Amino acid sequence: MNTSDANNTPQCYSLKSPPFNYTRPISSAYFSTIFSTLGITSNLIAFIVLVKSFRRMRNRSRSFFLIFLAGLVVTDFMGLLVTGSIVVSFHFTRFNWRQVDPNCHFCNFMGMSMVFYGLCPLLLSATMAMERFCGINRPFARSTNTSKSRTVYMVLMVWLAAGCIALLPLIGIGSYHIQAPGSWCFFNISSKGSDMVFSLLFSFVGLTSIVVSFLLNTVSVVTLIKVCCGQDRTQRSRDHEVEMMVQLILIMIIASISWCPLLVFIAQTVFSSDPLWVRKLLLYLRFATCNQILDPWVYILFRRAVFKRVYPRFDWSRSSIMTLYPYFQETARRFTRSSLGGNLGSDETGETTKSNVTSPSTLKSPD
């Protein structure tokens, strides 16, 4: 390539220019088609289930949580639909990017989509963890400050934040490039200049979201265990709290397993200044895609309504679980007392005292 051709080469083709050598092991049309179809179908089913649940829902905190879940499902659905359709089309048609997209507009769009739909689930998971943390640890403050419109506003703000990050390469912070085997575009993972800044920003935002989710969910679970081991007067609402926390923890675990390899790989590649290992990048990207496929099944399967249908004879209320495992309550009390410290420990003592005072009248046999 001579100097004039190099100067006229669009940025997205400046590092790698199609067509690439098409190697079957790392780029399979069947793999992309199956993943995209399965993910789109799963998210569509989950969205239908969420809409039906939202219409029947009377619990206020649960309705807020369903709005976040709906935002997550819509994000995963659109991400698979947009990026999957481009990848599958390439595998079946083998179009030439230089002819179809000579000015890199299409490549930039796909790169932005990859970043946007990649960061949104992680940011939404962290936001959901914050919402559950406030709902469990600060219920009175949250009940007065939160409404459905504000919850929708929070989802929109997450989308806006992810969109702003995805737009940075278009203003010079980072750059989107065609990636081998030629079916997709992504930002350039490099240890030089603005590409290094954007690579580290993407990795930092993703890993920070996972860490925040882990910390907040851990505190919420410990608090919820303590509350659930108390009196039965709020049994119904607490059952909803437990169900939401189980779903949120599973979403966090899936996101961590799916995204951590890719995020760590990006940071490691930047800091080590080693050449990009394309096969590892594709492998970790497929791991990340699993997040969009598995997320909807968390809500589809892990609901009390589903458990009751699978095993209708079992009473899924907390009281029955305590009856099956009588040692669980005392173990949880000791754990939460040591974990939560002074304030929660004093509340625990207060509840125990009330229980001791009321127990004689409760257990008194009739004359």
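Presented here is a report on the structure given in the accompanying data block. (Residues numbered from 1 in each chain as written. Predicted model: local features only at pLDDT ≥ 70, side-chain atom pairs only at ≥ 80, totals over all residues. Heavy atoms only, no water.)

## As for the environment of Ser125
In this fold, Ser125 is placed in helix H5 (residues 105-137). For Ser125, a relative accessible area of 6% corresponds to the buried category. For the pair formed by Ser125 and Ala255, sequence separation is 130 residues and the distance between their alpha carbons is 8.4 Å. Ignoring any residue separated from it by four or fewer positions in sequence, one finds Ser125 in contact with Ser213, Leu248 and Ile251. Here Pro121 takes part through its backbone oxygen, which lies 2.8 Å from a polar atom of the side chain of Ser125. (Helix = DSSP H or I, 4+ residues; strand = E, 2+ residues; numbered from the N terminus. Buried < 20%, exposed > 50% of the residue type's maximum accessible area, 1.4 Å probe, protein only. Contact = heavy atoms within 4.5 Å. Polar contact = N/O pair within 3.5 Å; in protein donor to acceptor, adjacent residues only side chain to side chain.)

## A closer look at the state of the cysteines
According to the stated counting rule, one finds two disulfides in the structure shown. In this model, Cys12 is linked to Cys104 through a disulfide, with the two sulfur atoms separated by 1.8 Å. Measuring the twist about the S-S bond at about -80°, one finds the Cys12-Cys104 disulfide to be left-handed. With a gap of 92 residues between them, Cys12 in the loop between helix H1 (3-8) and helix H2 (29-56) and Cys104 in the loop between helix H4 (97-100) and H5 connect regions that are remote in the sequence. Accessibility assignment for this pair places Cys12 and Cys104 in one class, buried. Shown here is the disulfide that connects Cys107 with Cys185, its sulfur atoms set 2.0 Å apart. Residues Cys107 and Cys185 are joined by a disulfide whose S-S torsion is about -120°; by sign, that bridge is left-handed. Taken together, the residues span a long stretch of sequence, with Cys107 in helix H5 and Cys185 in strand S2 (residues 184-187) at a distance of 78 residues. Here Cys185 falls in the buried class, since its relative accessible area comes to 0%. Here the cysteine-cysteine linkages of the protein chain are recorded as 1-2, 3-4, numbering only bonded cysteines and doing so in sequence order. (Disulfide = S-S within 2.5 Å.)

## Comments concerning a nonpolar patch on the surface
A cluster of nonpolar side chains, namely Leu167, Leu170, Ile171, Ile173 and Val197, defines an oily patch on the protein surface of about 440 Å² accessible area. Structurally, Leu167 can be placed in helix H7 (residues 148-167). (Patch = residues over 30% accessible without salt bridge, like charges linked within 9 Å, V, L, I, M, F, W, Y side chains within 5 Å. Areas by Shrake-Rupley, 256 points an atom, 1.4 Å probe, with all protein chains shown as cover. Salt bridge = Lys/Arg side-chain N within 4 Å of Asp/Glu carboxyl O.)

## Focus: the pairing of S2
Here S2 shows no split at all, with Trp184 and Phe186 on one side and Cys185 and Phe187 on the other all buried. Pairing analysis gives four bridges linking strand S1 (residues 176-179) to S2, with the strands arranged antiparallel. Paired with Ile178 across the strands is Cys185, a residue of S2. Counting the residues between successive antiparallel strands, the hairpin from S1 to S2 contains four residues, one of them, Gly182, with a positive phi of roughly 100°. (Pairing = 2+ DSSP bridges.)

## What to know about the nonpolar core
Among the nonpolar cores identified, the biggest contains 72 residues, and Trp97, Val115, Trp184, Phe187 and Phe202 are the most heavily contacted of them. For this core, the element with the most residues is H5, which contributes 14 residues. When near neighbours in sequence (up to four residues on either side) are disregarded, Phe187 contacts Val115, Ser175, Tyr176, Gln179, Phe198, Ser199, Phe202 and Ile266. (Core = buried A, V, L, I, M, F, W, Y, C linked by side-chain atoms within 4.5 Å.)

## A look at the packing of aromatic side chains
Scanning the model with the defined rule gives 13 aromatic pairs in all. Pairing Phe90 with Phe95 gives two aromatic rings, centres 5.5 Å apart and planes at 85°, and the pair type is edge-to-face. A residue is classified by how much of its surface remains accessible, and Phe95, at 18% relative accessible area, is buried. Ring centres 6.5 Å apart and planes at 80° place the aromatic pair Tyr176 and Phe198 in the edge-to-face group. Remark: Phe198 occurs in helix H8 (residues 193-228) and Tyr176 occurs in strand S1; sequence separation between them is 22 residues. Summarising the burial analysis for this pair, Tyr176 and Phe198 share the class buried. Here the aromatic cluster, defined as three or more aromatic residues joined through ring pairs, consists of Tyr176, Trp184, Phe186, Phe187, Phe198, Phe202 and Trp259. (Phe/Tyr/Trp six-rings, centres within 6.5 Å; stacked < 30°, edge-to-face > 60°.)

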